[in-house]
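Residue strings, one per chain:
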Amino acid sequence: MALVELIMPKLGESIMEATILKWHKQVGDKVSLDETVLDIATDKVDSEVPSTAAGTIAELLYAANDVVPIGAVIARIETGVNEKAPEIATTSTTITEEKTVPEAPPPPPPPPTPAPEPVNEAVTAAVADAPEVPYTPSPVVAEERPAGKTGVNRFYSPLVLNIAQREGISMSELEQIPGTGLEFRVTKKDILQYVADKNAGKITAPVASPLPKSVDTSPAPLADVWSEVAQAATLAAVPAIEETKAVEPVEPPPADLIAVQLPPTAVVRVPEEVIAPPVIQAATLETATKQPIPVVPIQTAPTKDGKWSDPAKVIVSGETEIMEMDRMRKLIAKHMVNSVQTSPHVTSFTEADVTNMVFWRQRVKDEFEKREGTRLTFTPLFIECIVNVMKRYPLINSSINGEQIILRKDINICMATALPSGNLIVPVIKGADQMNVVGLSKAVNQLSDAARTNQLKPDDTAGGTFTFTNVGTFGSLMGTPIINQPQVAILAAGAIKKRAAVMETPDGDVIAVRHMMYLSLSYDHRIIDGSMGASFLSDVAREMENWDVNKRWYQYL
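Colleague: Give a detailed account of the side chain of Ser-520, specifying residues and quantitative values.
Modeller: Examined against the element boundaries, Ser-520 turns out to sit in strand β21 (residues 508–524). Of the polar contacts made by the side chain of Ser-520, one reaches the backbone oxygen of Gly-479; its length is 2.6 Å.

As structure tokens, then:
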């Protein structure tokens, strides 16, 4: 028998490590040659690692989600298993599996029983001879409940108070409902569930814990609380009395004197300190009956249909949701931050009249798809124009290494592709300057489909020298893309829109409806100056505008 080491494969010239996503085989499992053992991921693409030998998995050196350097041993495969003795092989596998399962730790010993303290016989005799004292219960002291869980210190949203008023839930009953919101607040879900359970007979109204005497524990409906709020608001408007004199008790003011105008659907937020108002002296109450009672209007605003709405119905929950970045989003964020910190970005803009290109594609796309078996989009047309201009600007197809400029001889166009998850990946069309429209279309469609179905190979995302992104696919007019390091430029094409444009003709200027598109180029200002960047972008626009409407896409076949 022999052990074969499974090595983390090299996935690209710039890839130094990979993350293990999932093991398809475990220790003791049989594996055949080229059978998938695990899935791995890099900052560019996900991939499968096949077995390099047939045998049995003897050891796994890394777990899922571990980051492993390229070239490291990740597993060992035992080969040369004797096929004539399956019983022995099975026993060996069982032993291996038993070794991999950690034994359960023994249960902790029970705590020692404390030794009984020695009994003092003299004290016992004295207690037995003592006269019997009748039991007198001590007054119950209200336990201080933690703020934010239950009790008067908890905050209630206007929506919860409105539901409680509608369902006839008293304030003391509301205080006993357990909350699942922030700081144990009662949410809409909590109170609706409580009402449903109460109506179904599953629960009864909870009994409030004993409160201090200064707190009113009567289960008054919230409708009575609103009257107390109005009375407290009215009395608060009465001027303070400098001298307090003894007066005889007087009858409370008639209910019609305390007038607070409320719309039928108004919801009033009751401050917690107003629920149990302080005791009002008789002199203050007598003076209040002699003062004019102010009327407090509730301001409302008309809606679009002319009806008056209640601003108190606007509910701001303040709720938030925290999401963890997935692995690809973390890598994209790191790559973008590194690019901005590395290259001083400059962006130039121009406008291109792509009417000829639009009319040509519209005329040939059906025949193209029927003959070539692939669809014709604008992306290969744009790439062909970009490649033709790049041949005249070698610095656009370069990279920087310290203080050295590396001029790339191959033109490999990166094509930003959106994934169903919302992330982006950038497959590479290698040798784009050697392809015509047919070759570019097939390469674009093949790489796009492979990216969306997670079928890209590591080599499909390596070796790019220039990046093109079509932000117009999502309706954007223009964008300021971030350079894809270690490249020095990236071009973005916006949405194609019909607009009125001035055209020069032999008979003079005319205004015509044209298909217009904005182009933007972000470039590294360390080696590309504004004049070169703007000139390159303008030449790309002219190349698109001069598209041959009589171009024969199959003439090179």
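Colleague: I'd like to hear about the confidence of the model for the protein, residue by residue, with values.
Modeller: On average, the protein scores 75 in pLDDT, and the residues at 70 or more come to 65%. Overall, residues 135–149 carries pLDDT values under 50, and its contacts beyond four positions in sequence, including any with other chains, amount to 18 contacts. Per-residue pLDDT stays below 50 along residues 236–247; that stretch engages in 13 contacts with residues further than four places along the chain or on separate chains.

Colleague: Provide a residue-level description of the side chain of Gln-487, including the pertinent values.
Modeller: Within the secondary structure layout, Gln-487 lies in the loop between β18 (466–470) and β19 (489–493). Among the polar contacts listed, one links the side chain of Gln-487 to the backbone oxygen of Gly-464, at a separation of 3.4 Å. Other than its neighbours up to four places away in sequence, Gln-487 contacts Ser-398, Cys-414, Gly-464, Thr-465, Phe-466 and Thr-467.

Colleague: Explain the nonpolar core to me, using residue names and the numbers behind them.
Modeller: With 56 residues, the main nonpolar core has Met-357, Ile-413, Phe-466, Leu-491, Leu-519, Phe-536 and Met-544 as its most contacted residues. The element contributing the most residues to this core is helix α11 (residues 378–390), with nine residues. Excluding anything up to four places from it in sequence, Phe-536 contacts Ile-386, Val-389, Met-390, Tyr-393, Ile-396, Phe-466, Leu-491 and Leu-521. Among the nonpolar cores identified, the runner-up in size contains 18 residues, and Leu-11, Ala-18, Val-31 and Ile-57 belong to it.

Colleague: Could you give an account of the packing of α11 against helix α13 (residues 530–545), with specific residues and numbers?
Modeller: Where α11 contacts α13, the two axes come as close as 9 Å, and the packing angle between them is 130°. Looking at the two axes, α11 sits oblique to α13. When you trace α11 past α13, the crossing you get is right-handed. In this structure, α11 contributes Phe-382, Cys-385, Ile-386, Asn-388, Val-389 and Met-390 to the contact, and α13 contributes Phe-536, Asp-539, Val-540, Glu-543 and Met-544.

What counts and what doesn't
Residues numbered from 1 in each chain as written. Predicted model: local features only at pLDDT ≥ 70, side-chain atom pairs only at ≥ 80, totals over all residues. Heavy atoms only, no water. Helix = DSSP H or I, 4+ residues; strand = E, 2+ residues; numbered from the N terminus. Polar contact = N/O pair within 3.5 Å; in protein donor to acceptor, adjacent residues only side chain to side chain. pLDDT = per-residue confidence, 0-100. Contact = heavy atoms within 4.5 Å. Core = buried A, V, L, I, M, F, W, Y, C linked by side-chain atoms within 4.5 Å. Buried < 20%, exposed > 50% of the residue type's maximum accessible area, 1.4 Å probe, protein only. Axes fitted to C-alpha atoms, helices over the stretch in contact; angles between N-to-C directions. Parallel < 35°, antiparallel > 145°, perpendicular 65-115°, else oblique. Left-handed = near helix turned anticlockwise from the far one by under 90°.

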